[in-house]
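Take a look at the letters that make up each chain.
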Amino acid sequence: MWWATLEQPPAPRAPLDGDLDVDVAIVGAGFTGLWTALFLARHDPSLRVAVLEADVAGAGASGRNGGWASALYPVSFSRIEATHGRDTMLALRAALRDGVTELDEIARSEGIDCDYERGGSLTLARSAVQAARLHSQLEGDRALGAGVDDLVWLDAAAARERCAATDVSGALFTPQCASVHPAKLVTGLASAVSRRGVTIYEQTTVTAIEPGDRWRRPRARSTRGAVRADVVVRATEGYTPSLPDARRAIVPLYSLVVATETLPSSFFDRVGLAHRETFCDARHLIIYGQRTADDRLVLGGRGAPYHFGSRVDASFDAEPDVFAKLESTLVELFGEIPAGIPFHWGGPLGATRDFSPYVRFERERGVAVAGGYVGDGVVMSHLAGRTLADLISGVVTERTSLPFVGNTPRDWEPEPLRWLGINAGLLAADLADRREASTGRPSGFARMLDRLHGN
Ligand SMILES: Cc1cc2nc3c(=O)[nH]c(=O)nc-3n(C[C@H](O)[C@H](O)[C@H](O)COP(=O)(O)OP(=O)(O)OC[C@H]3O[C@@H](n4cnc5c(N)ncnc54)[C@H](O)[C@@H]3O)c2cc1C
């Protein structure tokens, strides 16, 4: 749907044609790779930067996501406080909050229109158990420095005024989220970096990243030639396990999405979302929705299986059971949907073993990496790309001491443990939601999850 609604489909770019020598070679033309390229080019316009992309720019998660540009982070702020201290946790919160604004400012300054609307985000309470969970989350967040500008509780009337979904008894609302059209953002970014002199080579699959040493500069070997550079950046997120030396660094988790045709204005008169607020509820198996600028509903969710050996394949983008569940969830939330739901897609996001994002640069080896944003990568990849550009340029900024810098999560377990563990976790989250829905009480697993999430 995102690609079908682009005003102008992007023209294909040529693949790499033989060996190349540049200052910085970036593997992957998603948000991470492209933001890194943009900030490097802004910092030093004379830098020779090449981006190597296996498919087309934006073909990965960046061009397929749910379009939440949020200040969310996949690790709880209580864990960040425990491991890095309060000041660092608060600095991270501020950087993420600022990131929601900066993404818009920088995109605009580069001439990118991505349907950005900062309407905030609602986590709806649709049962007593969900309301209790959200109240406890609010209490926890207040203790971690969240003020009324960050998060407020809306009572049933105020919540329903913003989003009149079924069974809403209240909601947590944060203004720190915007709805965006991800394909407009990522294709706009690709054009912006090209305008700044960066070359993107499409249909160019990198088969290995070879670190440098005292005698040799690092190199990205590809199906179309080898690229020598002072720095090679790995920005491949959910696809990372296909590269040697990184097979267990990240697991690809699939998230799936459905979207409606354009809905009549009478629908939104009834349902609200007047400011294109993003929405979800407090279930365990995450769902995420937005109203698009052209008045569709987009709803994504987890529940697709993890595939043995961290495989990524286009056939995994479609799971009929998950699509059917997302469609029925739309009806469950909003009653009859007066338009078809013709769009279904999915894609891999990346998760490290402890769900913590990372941004690292080893100057001696000439290798930089960033990723591990789980489902919160729209703003985080912007922050990560900007931070990578700082690190590569050798400048110290307020970003270069954030907790994801230098973070080196341990590898995932070998198979079959990985497959068993991840799929058991997905199943347990689904069962916990079902049990909660049928009994009205949190299951033992739900209580354990709540404790893990810090609430
Ligand atoms: C369905 C879905 C919904 C999501 N919804 C949201 C959301 O609403 N909000 C949010 O914040 N986050 C969301 N996310 C997560 C977010 O989209 C990602 O975290 C973010 O886009 C990651 O950007 P990236 O550039 O690191 O990775 P990607 O966009 O995946 O880019 C990696 C690129 O590397 C290329 N590549 C891979 N291997 C190679 C190779 N060997 N050689 C050359 N190129 C290679 C790929 O083709 C791809 O283009 C969602 C993700 C998915 C899949």
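These remarks concern the structure in this document. Since this is a predicted model, take the numbers as computed values, not measurements.

## Topic: the site of the ligand
- The ligand sits among 36 residues. The nearest are T32, E53, S62, G375 and V378.
- In the model, an oxygen atom of the ligand is placed 3.0 Å from a nitrogen or oxygen of the F31 main chain.
- A distance of 3.2 Å separates an oxygen atom of the ligand from a polar atom in the side chain of N65.
- Protein coverage of the free-state accessible area of the ligand, which is 1000 Å², stands at 97%.
- Of all the secondary-structure elements, those providing two or more residues to the shell around the ligand are α1 (31–43), β14 (251–259), β18 (343–351) and α9 (377–393).

## Some points on the packing of helix α3 (residues 86–109) against α9
- Put simply, α3 and α9 touch, their axes get as near as 9 Å, and they point 85° apart. Accordingly, the angle class assigned to the pair α3 and α9 is roughly perpendicular. Contacts between α3 and α9 pair A95, L96, G99, V100, E102, L103 and I106 from the former with V378, V379, M380, H382, L383 and R386 from the latter.
- A breakdown of the residues in the contact of α3 with α9 according to their chemical character gives nine nonpolar, two polar and two charged.

## Overview of the state of the cysteines
- Under the definition given, this model contains zero disulfides.
- A disulfide-free cysteine, C114 has its sulfur positioned 12 Å from the sulfur of C177, the nearest such atom.
- Residue classification places C114 among the buried residues on the basis of a relative accessible area of 3%.

## Brief notes about the side chain of D317
- Following the sequence through the fold, D317 ends up in the loop between β17 (297–301) and α8 (320–334).
- By relative accessible area, D317 is classed as buried at 16%.

## A word on the side chain of R291
- For R291, the location among the structural elements is in strand β16 (residues 287–291).
- A polar atom in the side chain of R291 sits 3.0 Å from the backbone oxygen of L273.
- Within the structure, R291 has its side chain in polar contact with the side chain of D295 (distance 2.8 Å).

## Here's the deal with the pattern of salt bridges
- For the structure shown, the criterion picks out 36 salt bridges.
- The partner of R217 in a salt bridge is D21, with the nearest N and O atoms 2.8 Å apart. Of this pair, R217 sits in the loop between β10 (206–210) and β11 (219–222) while D21 sits in strand β1 (residues 20–21), and the two are 196 residues apart along the sequence.
- Here the salt bridges do not stand alone but share partners, grouping D21, D23, R48, R217 and D230 into one network.

## What to know about the environment of D411
- Within the fold, D411 resides in the loop between α9 and α10 (417–439).
- For the pair formed by D411 and T352, sequence separation is 59 residues and the distance between their alpha carbons is 7.5 Å.
- Contacts of D411, omitting those with residues within four sequence positions, involve R248, A249 and R353.

## Examining the sheet that holds β1
- Across the sheet, which stays open at both edges, the four strands sit in the order β1-β12-β11-β10 with mixed pairing between neighbours. Each edge of the open sheet carries a strand with a single partner, namely β1 and β10.
- Strand direction decides the pairing type here: β10 and β11, joined by four bridges, are antiparallel. Residue pairing across strands places V206 opposite S222, the latter belonging to β11.

## Section: helix α6 (residues 182–195)
- Between the first and last C-alpha of α6 there are 20 Å, a value that for 14 residues agrees with the 20 Å anticipated at 1.5 Å per step.
- Counting buried positions along α6 gives eleven out of 14 residues, so the element sits mostly inside the fold.
- On its buried side, α6 packs onto α1, α3 and β9 (199–201).
- In the segment just after α6, G197 is the residue with positive phi, at about 95°.

Each value, and the rule that gives it
Residues numbered from 1 in each chain as written. Predicted model: local features only at pLDDT ≥ 70, side-chain atom pairs only at ≥ 80, totals over all residues. Heavy atoms only, no water. Near = heavy atom within 4 Å. Polar contact = N/O pair within 3.5 Å; in protein donor to acceptor, adjacent residues only side chain to side chain. Areas by Shrake-Rupley, 256 points an atom, 1.4 Å probe, with all protein chains shown as cover. Helix = DSSP H or I, 4+ residues; strand = E, 2+ residues; numbered from the N terminus. Axes fitted to C-alpha atoms, helices over the stretch in contact; angles between N-to-C directions. Parallel < 35°, antiparallel > 145°, perpendicular 65-115°, else oblique. Contact = heavy atoms within 4.5 Å. Nonpolar A, V, L, I, M, F, W, Y, C, P; charged D, E, K, R; others polar. Disulfide = S-S within 2.5 Å. Buried < 20%, exposed > 50% of the residue type's maximum accessible area, 1.4 Å probe, protein only. Salt bridge = Lys/Arg side-chain N within 4 Å of Asp/Glu carboxyl O. Pairing = 2+ DSSP bridges. Expected span 1.5 Å × (residues − 1).

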